[in-house]
Amino acid sequence: MATYYTKADARGFASTKIQKSAIRDSRLILREAVQAATNEDSFDIFLSHASHDSDLILGVKALLESLRFRVYVDWVNDPLLDRAKVTKQSAGLLRRRMRQSKSLVWAATEAASDSKWMPWELGYFDGFKPNQVAILPLVNNASDTFKGQEYLDLYPVIRKNIYSNGKEDVFVEETGVKWTTVASFGSGAASWHNYSS
């Protein structure tokens, strides 16, 4: 049965990363990656998120990296970027980083609705890379349904499924319409499959 990722799932991935690093502050753990990531000029996924969700974002980043994606997180890769202020310089840097990314994953949490940047990032990315945007709802319980802002219904969502043999899979789907694997989606060349076929 397909379910959404929970906040506990995200925190679990973050906890694993914390234990491996033996550092307790999620922002410090993410900033460890700056040395390696600063010189990156391409990413598989631009992770659009609310800055108030740093503990969850650490886990989402770890989850996506466990699937072998290179993930852009602004305050990791560009720690001098000030997201608190909307400036032409910040927007220019984020535009460049989005152009360097193959896909965008929009982390949907309660804090996302208060973000100054997330709706702009979503619209910008969708404008130049249609079909390469997906919503990743982070819900409280696996059985929860997801209902975000109305415009989020325009995009497919990332879900997980555990098959009867115990194997877990991650996919991107427009419910009842089409689906693709997360690997295909993150590569920037999603191979979509229609449910009707």
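Residues numbered from 1 in each chain as written. Predicted model: local features only at pLDDT ≥ 70, side-chain atom pairs only at ≥ 80, totals over all residues. Heavy atoms only, no water.

**Some details on the side chain of Asp74**
Next, step 1: Its location among the elements puts Asp74 in helix H5 (residues 74–77).
Next, step 2: If we ignore the near neighbours within four places in the chain, the residues touching Asp74 are His49, Pro79, Leu81, Arg83 and Leu94. (Helix = DSSP H or I, 4+ residues; strand = E, 2+ residues; numbered from the N terminus. Contact = heavy atoms within 4.5 Å.)

**Quick look at the packing of helix H6 (residues 88–99) against helix H7 (residues 118–128)**
Next, step 1: Contact geometry for H6 and H7: axes closest at 11 Å, N-to-C directions at 45°. In terms of orientation, H6 and H7 fall into the oblique class. Two packed elements cross with a definite hand, and for H6 against H7 that hand is right-handed. Residues Ala91, Leu94, Arg95, Met98 and Arg99 of H6 form the contact with H7, whose participating residues are Trp120, Glu121, Tyr124, Phe125 and Phe128. (Axes fitted to C-alpha atoms, helices over the stretch in contact; angles between N-to-C directions. Parallel < 35°, antiparallel > 145°, perpendicular 65-115°, else oblique. Left-handed = near helix turned anticlockwise from the far one by under 90°.)

**A word on the pattern of salt bridges**
Once their charged atoms are close, side chains differing in charge can pair, the charge on each being opposite to the other.
Next, step 1: In this structure the tally under the stated criterion is 11 salt bridges.
Next, step 2: Notably, a salt bridge pairs Arg11 with Asp55, separated by 3.1 Å at the nearest N-O pair. Taken together, the residues Arg11 in helix H1 (residues 7–21) and Asp55 in helix H4 (residues 54–66) connect sequence positions 44 residues apart.
Next, step 3: Residue Arg11 is classed as partly exposed on the basis of its relative accessible area, which comes to 40%. (Salt bridge = Lys/Arg side-chain N within 4 Å of Asp/Glu carboxyl O. Buried < 20%, exposed > 50% of the residue type's maximum accessible area, 1.4 Å probe, protein only.)

**A short note on unusual backbone geometry**
Glycine aside, a negative phi is what most residues show, and trans is what most peptide bonds show.
Next, step 1: Although it is not a glycine, Arg68 sits at a positive phi angle of roughly 75°.
Next, step 2: As for its placement among the helices and strands, Arg68 is situated in the loop between H4 and strand E4 (71–72).
Next, step 3: Backbone geometry at Asn131 places phi at a positive 70°, although glycine is not the residue there.
Next, step 4: In this fold, Asn131 is placed in the loop between H7 and strand E6 (133–139).

**What to know about the pairing of strand E7 (residues 157–162)**
Next, step 1: Along E7, 5 of the 6 residues are buried, which leaves the element largely enclosed by surrounding structure.
Next, step 2: Pairing of strand E1 (residues 2–3) with E7, which is carried by 2 bridges, proceeds in the antiparallel orientation. Looking at the pairing, Ala2 lines up with Asn161 of E7.
Next, step 3: Judged from the 6 bridges that link them, E7 and strand E8 (residues 168–174) form a sheet pairing that is antiparallel. The residue of E8 that forms the bridge with Ile158 is Val172.
Next, step 4: Between E7 and the antiparallel strand that follows it, E8, lie 5 residues; Gly166 among them carries a positive phi value of about 90°. (Pairing = 2+ DSSP bridges.)

**A few points about the environment of Ser66**
Next, step 1: Examined against the element boundaries, Ser66 turns out to sit in helix H4.
Next, step 2: Separated by 53 residues in the primary sequence, Ser66 and Phe13 place their C-alpha atoms 9.2 Å from one another.
Next, step 3: A polar side-chain atom of Ser66 sits 2.5 Å from the main-chain carbonyl oxygen of Leu63. (Polar contact = N/O pair within 3.5 Å; in protein donor to acceptor, adjacent residues only side chain to side chain.)

**A word on the pairing of E8**
Next, step 1: Inspection of the sheet shows E8 paired to strand E9 (residues 178–181) by 4 bridges, in the antiparallel sense. Note that in E9 the partner of Glu174 across the bridge is Lys178.
Next, step 2: The hairpin turn running from E8 into E9, its antiparallel successor, is 3 residues long, and Gly176 in that turn takes a positive phi close to 75°.

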